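Results of the structural survey
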Amino acid sequence: MKTTCPYCGVGCGVEVKALDAPVSGDRQHPANFGRLCVKGSALGETLTHEGRLLWPQIDGQRVSIEAALDHVAAGFRRIIDQHGPQAVAFYGSGQLLTEDYYTANKLMKGFIGSANIDTNSRLCMASAVVGYKRAFGADAVPCCYDDLEQADVVVLVGSNAAWAHPVAWQRLVQAKAERPEMQLVVIDPRRTASCDLADLHLALQPGSDSALFAGLLNWLAHHAGIDTSMLPHLTNVEATLAACEAWDVAAVAAACQLSEHEIVAFWQLFAVQPRVLTLWCMGINQSQTGSDNNNAILNAHLLSGKIGRAGCGPFSLTGQPNAMGGREVGGLANQLAAHMGFSAPEVDRVARFWGSDRVAQQPGLTAVNLFNAIERGDVKAVWIMGTNPAVSMPEGNRVAQALAKCELVVVSEVSAHSDTAQFADVLLPAQAWGEKNGTVTNSERRISRQRNFTAPAGEAKADWWLLAQVAQRLGFGAAFAWQHPCEIFAEHAALSGFENYGTRAFDISALATITREQYDQLAPVQWPITAASPNGTARLFADRRFYHGDGKARLLPPAMPIKTLTTTDYPLLMNTGRIRDQWHTMTRTGNVPRLMQHYDEPFVALNPLDAAAHGLSHGDVTRVQSALGWCSGRVTLDSGLQRGQLFVPMHWTRQFSGQANVDGLVAATCCPDSAQPALKQTAVRLQPVRPTWQGWLWLPDIITPPALLYWSRAPQPGVQRYVLAGNAHAGEWLMQLPGMSALQWQQAQAGQQLHWLGWRKGKLACAFYAAPWLPDIDHPFIAQAFSQPPDSPQQRHALLGGRPTQGGSHGRTLCSCFGVGEVAIRRAIAEGCDSPAALGAVLKCGTNCGSCIPELKQLLSSLRVAQ
Ligand SMILES: Nc1nc2c(c(=O)[nH]1)N[C@H]1C(S)=C(S)[C@@H](COP(=O)(O)OP(=O)(O)OC[C@H]3O[C@@H](n4cnc5c(=O)[nH]c(N)nc54)[C@H](O)[C@@H]3O)O[C@H]1N2
Ligand SMILES: Nc1nc2c(c(=O)[nH]1)N[C@H]1C(S)=C(S)[C@@H](COP(=O)(O)OP(=O)(O)OC[C@H]3O[C@@H](n4cnc5c(=O)[nH]c(N)nc54)[C@H](O)[C@@H]3O)O[C@H]1N2
Ligand code: SF4
Ligand SMILES: [Mo]
């Protein structure tokens, strides 16, 4: 069965041959041609029912699906009747399928009559949407993945594609291996894994991208970089150039804190090379000037005519698998539907198409405003689907409190234990990847099928079905009477073409008559898909006709760079983002032991000099404090970070750690044009944690440890491992956990150094090792003892010691595909392996998905330096 990966916006094709066989990449899929990254290749390991939400619940009690739906519909009906449609809201996700999204949007905007439906794409793509709409008159990404292979210069701005879009990155790696003259420029304050391949890395000041690109526009104007044949197709050129005039190289160097030499090197490449492709992501969008950052990039491509041709263009990478599909249906609060807004003719058109006299007349509440309205009590019912706002929204603690107060919180989830699910009055079990059936659209506008190949877990239902059932109960049944997602897709396709006449970029009207069979067979295809281009469209704007009324594209004056946000109280700048093997709030990837090997606890990466200035060493626990809250993690020294800057992963939640949720620290300051929060820059200070003991605990079950200074959980095969730090007695609290006193204990201890093993009927039920420092013990050895209990007294003794009698520790797992640890890699390097290929030949590391190659290279070069 062919389907599509449910993680990132690369949108790789996946092939599932059997439920118990590993998944593989679909060789025919044009996004990946058979490649998968480590998350994609571990998809099979997420198909368990463990931790799944299996049936509906009201106030924590299992109920029938009918009762749950009745309760949701009655709650929404009551609140709408008493307080009007503005008192209810939906909060969706770029991980919903297009059919789910279309249904949610139609129900809220078309029939409930409020535009209060926003989504986590507000945290992700909203600035890109504004940028494209302002420049092109349409939210339309002009490029395609083939451009990665055909570019002379690839500029990666605010994107760590090596970790966040790994298969697109692999395509770049291969292209550069085949054409080494291809140049890669990375623009990121941090030296990331994506810098591994860079010919030029501009480590600019956070928030100064707009200055760099304003300077580029100015440079193009003064160095014959303008494509004069483009000028008749552009408006606002003179005003924009005048606004950029002050950005000469000296001014840009001062604003970005870069050398003039490296700035000019970048500008010259951009100006001179015919085919330049700019890829960008959250470093650009999640900013107070996010929308203007986007337009600064678009300006440069438009003025230089580097658009609408192979190997060229401004290519915004989408984050989620269906962020683009959400934009197509109009699932943001400031869009109506199918690339239409709230002008009177558009509302009228959509109302006629949907056959409703209740269509929302004006934009609704965007994410931050939506949760503020819930906090105030203005919005009294919210249905959250496919997202975890209690941890992914800025000011997450306030969001959580708002949800706790909200009259009716409905959560459709696949996981029984998300942080947001804790606040649900009604929990609805949603079908997960492999069970749900529909379409998604990736970064290059390519619509692919996600197909169901396994039975739903428990009573899980499709998100669209749950919505349609509630619509029926609200009295709108006729408009939601679909029996199959294909019918929803066909309706969506018909709306895209309805009275379009070439005025709206999103047009897939050629699929409006799609049959069930054709839908099942649908091959990945890029929109627009019209009578004129029934097989889709690879690139847009080749004809230089844009979607503003005058057919032209528009340049926009740049924003000023962001002033430093740090203060004497909070002198450091915290950057947040992704790591290679985890997906967002870890509700799926966090349960796969293999994906927990690369990083197994929350960390705080900082420059070694900043660490020293705070008396912190690699491996210490520290707190990070902002004006709003604090989180904790383990110190990781990273000389790729500039002084004064930290990087903290966004992934860890209350399900996995005591207090690691980074969005408790981040303020909900937004870009005024896109309402997208600035999640990348928060002023913080460090507070070292000084525990009197640290330890490791293995238990078969998931527990929430009591108030310790720090804890974090990582699943291992068949067992849960906790790392702990505290400052009272190392072990007393442990005995108070349920069931502990009934175990038979084997103990070795001296002072705070404790080694305790708890046995139940000859089986290991608990292993605990604590010391004033973090004990150095053999983790695979201990984890294995839970499934294969040691049978000799010597072995039991070794287990109490925490190490086998022979063999050594594994170190951090760098290659998750083959489980190869740092210790083995270091040994192989010492024995003469001098390249990733040589390491791969001996250990297999890096030979599957290749995501660890940047780190293999780093290790190779650091050991070479050390020699
Ligand atoms: N492994 C993994 N992959 C993912 C995801 C995941 O959770 N895990 N999530 C997916 C989603 S939804 C998204 S949105 C994407 C995000 O993909 P990316 O945006 O590539 O990932 P991030 O780590 O959020 O941030 C990217 C980079 O922005 C840089 N940055 C911070 N501030 C600035 C600045 O002022 N200027 C510039 N130029 N750069 C800056 C950061 O240092 C960071 O390296 O990833 C997708 N892919
Ligand atoms: N500090 C900081 N914060 C950030 C970011 C950052 O870079 N820094 N990035 C932001 C960005 S770009 C994004 S996209 C967000 C992501 O943040 P979220 O969307 O909150 O994160 P996920 O963990 O992907 O949440 C998806 C939820 O949906 C559930 N789910 C999975 N599949 C399905 C399904 O088919 N149906 C239903 N109903 N539920 C399902 C999952 O179990 C999970 O609980 O985080 C944002 N927050
Ligand atoms: S690159 Fe993205 S879409 Fe492709 S396998 Fe990895 S996570 Fe899935
Ligand atoms: Mo995202």
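Everything quoted here is computed from the prediction, not taken from an experiment.

Here the focus is the UniProt feature "domain: 4Fe-4S Mo/W bis-MGD-type" (unreviewed entry) in the chain. When the UniProt feature table is mapped to this numbering, "domain: 4Fe-4S Mo/W bis-MGD-type" (unreviewed entry) covers residues 1-62. Strand forms 19% of residues 1-62 and helix 6%; the C-alpha atoms that close the span are 34 Å apart.

We now examine helix 26 (residues 822-830). Turning to helix 26, its buried residues are Glu822, Ile825, Ala828 and Ile829. Down the axis of helix 26, the smallest arc covering the buried residues is 125 degrees, so these residues share one side. Phi turns positive, to about 120 degrees, at Gly832, one or two residues after helix 26.

If you walk across this open sheet you meet the seven strands as 5-4-16-15-14-6-7, and the pairing is mixed. Of all strands in the sheet, those with a lone pairing partner are strand 5 (61-62) and strand 7 (117-119), marking the two edges. Here strand 6 (residues 88-92) runs beside strand 14 (residues 381-385); their pairing, made up of four bridges, is parallel. Paired with Val88 across the strands is Ala381, a residue of strand 14. Helix 2 (residues 65-83) contacts strand 4 (57-58), strand 6, strand 14, strand 15 (408-413) and strand 16 (426-429) of the sheet and is inclined by roughly 140 degrees relative to strand 15.

With that settled, the discussion passes to the site of ligand 3. All residues adjacent to ligand 3 are Cys5, Tyr7, Cys8, Gly11, Cys12, Leu36, Cys37, Lys39, Gly40, Pro166 and Val167. Mapped onto the shell around ligand 3, the elements with two or more residues apiece are helix 1 (38-41) and helix 7 (166-178). Its residues assigned to classes, the shell around ligand 3 comprises eight nonpolar, two polar and one charged.

The end-to-end C-alpha distance of helix 7, which contains 13 residues, comes to 18 Å, matching closely the 18 Å that a straight helix rising 1.5 Å per residue would cover. Contacts made by the buried residues of helix 7 are with helix 1, helix 5 (146-150), strand 8 (153-157), helix 6 (161-164), strand 9 (183-187) and strand 12 (276-280).

The next thing to look at is the nonpolar core. One finds Ile187, Leu212, Phe266 and Leu302 to be the most contacted residues of the largest nonpolar core, which totals 127 residues. Per element, the largest residue contribution to this core is eight residues, and it comes from helix 8 (residues 209-222). If near-sequence neighbours (up to four positions away) are discounted, Ile187 is found in contact with Val155, Leu156, Val157, Gly158, Leu202, Leu204, Asp209, Leu212, Phe213 and Phe266.

With that settled, consider the domain arrangement of the chain. Each assigned domain of the chain is listed with its residue range as follows: domain 1 (1-47), domain 2 (48-124 + 322-526), domain 3 (127-316), domain 4 (572-679), domain 5 (693-801) and domain 6 (813-866). For domain 3 and domain 5, the distance between their C-alpha centres works out to 51 Å.

Moving on, we get to the pairing of strand 25 (residues 645-649). A large share of strand 25 lies buried, amounting to five of its five residues. Because side chains alternate across strand 25, one face comprises the buried residues Gln645, Phe647 and Pro649, and the other comprises Leu646 and Val648, equally buried. Looking at chain direction, strand 21 (residues 572-577) and strand 25 are connected through five bridges and run parallel. Each residue of the ladder has a partner; that of Asn575, found in strand 25, is Phe647. In terms of strand pairing, strand 22 (residues 603-606) meets strand 25 through two bridges, oriented antiparallel. Counterpart to Ala605 in the pairing with strand 25 is Phe647.

For the structure on display, the rule yields 36 salt bridges. One salt bridge connects Lys106 with Glu491, and the closest N-O pair in it is separated by 2.7 Å. With Lys106 in helix 3 (residues 98-112) and Glu491 in helix 20 (residues 485-497), this pair connects stretches of sequence that are 385 residues apart. Relative accessible area serves as the criterion here: at 3%, Lys106 is assigned to the buried category.

This brings us to the packing of helix 2 against helix 19 (residues 463-473). Contact geometry of helix 2 with helix 19 gives a least axis separation of 9 Å together with a crossing angle of 60 degrees. Between helix 2 and helix 19, the interaxial angle falls into the category oblique. At the point where helix 2 passes helix 19, the crossing takes the right-handed sense. Residue-level contacts link Ile65, Glu66, Leu69, Asp70, Val72 and Ala73 of helix 2 to Trp465, Leu466, Gln469, Val470 and Arg473 of helix 19. Residue classes in the contact of helix 2 with helix 19 are distributed as seven nonpolar, one polar and three charged.

Okay, the pairing of strand 8 next. Buried residues dominate strand 8, accounting for five of its five residues. Of the two faces of strand 8, the one carrying Val153, Val155 and Val157 and the one carrying Val154 and Leu156 are both buried. Where strand 8 and strand 12 come together, five bridges link them in parallel fashion. The residue of strand 12 that forms the bridge with Leu156 is Leu279.

Okay, the packing of helix 16 (residues 367-376) against helix 18 (residues 396-405) next. Direction vectors running N to C along helix 16 and helix 18 enclose 45 degrees, while the axes themselves pass 8 Å from each other. In terms of axis orientation, helix 16 runs oblique to helix 18. By crossing handedness, the relation of helix 16 to helix 18 is classed as left-handed. Together, Phe371, Asn372, Ile374 and Glu375 of helix 16 and Arg398, Val399, Ala402, Leu403 and Lys405 of helix 18 make up the contact between the two elements. The residue inventory of the contact of helix 16 with helix 18, partitioned by class, reads five nonpolar, one polar and three charged.

Apart from glycine, the bulk of residues carry a negative phi angle, and the bulk of peptide bonds sit in the trans form. Residue Pro528 is reached from Trp527 by a cis peptide bond, and omega for that bond is 0 degrees. Topologically, Pro528 is positioned in the loop between strand 19 (525-526) and strand 20 (553-554). Here the phi dihedral of Ala224 falls at roughly 55 degrees; this positive angle occurs in a residue that is not glycine. Within the element layout of this structure, Ala224 appears in the loop between helix 8 and strand 11 (234-235). For Ala224, a relative accessible area of 77% corresponds to the exposed category.

Rules of the game
- In every chain, residue numbers begin from 1 and rise along the written sequence.
- In the order they appear in the text, chains get letters beginning with A and ligands get numbers beginning with 1.
- The predicted nature of this model means local features are confined to residues of pLDDT at least 70 and side-chain atom pairs, given and counted, to a pLDDT of 80 or more, with totals for whole chains, interfaces and linings taken over all residues.
- Each side-chain value is derived from all of the structure's non-hydrogen atoms; neither hydrogens nor water enter the calculation.
- UniProt positions are given in the numbering used here, feature names are shortened, and annotations may be inferred rather than shown by experiment.
- Helix numbers and strand numbers start at the N terminus; a helix is a DSSP run of H or I with at least 4 residues, a strand a run of E with at least 2.
- A 1.4 Å probe rolled over the protein chains alone gives each residue an accessible area, and that area as a share of the maximum for its type sets the label: buried under 20%, exposed over 50%, partly exposed in between.
- Here the arc refers to the set of directions running from the helix axis out to each C-beta atom.
- The pairing criterion for strands is at least two bridges between them, as found by DSSP.
- In what follows, residue pairs with any heavy atoms lying within 4.5 Å of each other are defined as contacts.
- Every axis in this analysis is a line fitted to C-alpha atoms, fitted for helices over the stretch in contact. Angles between the N-to-C directions lie between 0 and 180 degrees.
- Proximity criterion: a residue is near a molecule or strand once any of its heavy atoms comes within 4 Å of it.
- Asp, Glu, Lys and Arg are counted as charged, while Ala, Val, Leu, Ile, Met, Phe, Trp, Tyr, Cys and Pro are counted as nonpolar; the rest, among them Gly, fall into the polar class.
- Expected helix span is given by 1.5 Å per residue-to-residue step, counting one fewer step than there are residues.
- Nonpolar core, defined: a set of buried Ala, Val, Leu, Ile, Met, Phe, Trp, Tyr and Cys residues in which side-chain atoms within 4.5 Å join the residues together.
- Throughout the structure description, domain borders are defined by an automatic or database domain assignment.
- Think of a salt bridge as a Lys or Arg side-chain nitrogen and an Asp or Glu carboxyl oxygen that are within 4 Å of each other.
- Convention used here: angles under 35 degrees read as roughly parallel, angles over 145 as roughly antiparallel, angles from 65 to 115 as roughly perpendicular, and any remaining angle as oblique.
- Crossing handedness is read from the near helix: turned anticlockwise from the far helix by less than a right angle, it gives a left-handed crossing, and turned clockwise, a right-handed one.

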